[in-house]
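A structural walkthrough
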Amino acid sequence: FKLFQQSNVDLIFLYGSNFGNQQLNIFNVEGYGNKIRIKTFFNRKGRLDMDFSYLSSSEKNNLSIVPPEILNGNPLGKSISTNVRIQYLLNKSISMIYDLKFINNIRYDNFFSFKGEIRGSF
């Protein structure tokens, strides 16, 4: 009996830059950080997916507001986010999915989100 049949760990280094115009302002944004992604499978019945990321970004022209699509939607300053998702098949007809997210940045101050679902097929 093995609880964990397979696990994958990814260590990702992040870097991005964007520049352009927003109305009359010229922006030049740079961001860097890292991300850890872990995926573990449970005896062919489920899996656990976890993402932990840290990103620090700044604007070189001292603008405090940049377009929201810059750096894949991350705001200026420091951003910490986590996402934990569990999927598990209880038996042949009932499964469950739980998702927990945490975001802390200039837009979301210690924001938690929890979503759970139990599915049945009869």
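Residues numbered from 1 in each chain as written. Predicted model: local features only at pLDDT ≥ 70, side-chain atom pairs only at ≥ 80, totals over all residues. Heavy atoms only, no water.

Considering the nonpolar core
Phe27, Val29, Val66, Ile70, Leu71 and Leu76 together form the largest nonpolar core, which totals six residues. For Phe27, the contacting residues outside a window of four places in its chain are Asn18, Phe19, Gly20, Asn21, Gln22, Glu59, Asn61, Leu63, Val66, Pro67 and Ile70. (Core = buried A, V, L, I, M, F, W, Y, C linked by side-chain atoms within 4.5 Å. Buried < 20%, exposed > 50% of the residue type's maximum accessible area, 1.4 Å probe, protein only. Contact = heavy atoms within 4.5 Å.)

Regarding the environment of Asn43
The residue Asn43 is located in the loop between strand S2 (25-42) and strand S3 (46-59) in this model. A residue is classified by how much of its surface remains accessible, and Asn43, at 23% relative accessible area, is partly exposed. For the pair Asn43 and Tyr88, spaced 45 residues apart in the sequence, the C-alpha separation amounts to 10.0 Å. (Helix = DSSP H or I, 4+ residues; strand = E, 2+ residues; numbered from the N terminus.)

Considerations on the confidence of the model for the protein
Taken residue by residue, the protein gives an average pLDDT of 90. The fraction at 70 or more is 96%. No element of the protein has a lower mean pLDDT than strand S1 (residues 4-22), which averages 87, and none a higher one than strand S5 (residues 94-104), which averages 96. (pLDDT = per-residue confidence, 0-100.)

Considering the side chain of Asp99
The topology assignment puts Asp99 in strand S5. There is no salt bridge for the buried Asp99, and the closest opposite charge comes from Lys101, which lies 4.2 Å off by N-O distance. (Lys, Arg positive; Asp, Glu negative; His and termini not counted. Salt bridge = Lys/Arg side-chain N within 4 Å of Asp/Glu carboxyl O.)

Side note on the pairing of S3
With 14 bridges connecting them, S2 and S3 associate as antiparallel partners. Of the residues in S3, the one forming a bridge with Gly31 is Ser57. Where S3 meets strand S4 (residues 77-89), twelve bridges bridge the pair, whose relative direction is antiparallel. Directly across from Arg47, in S4, lies its bridge partner Gln87. (Pairing = 2+ DSSP bridges.)

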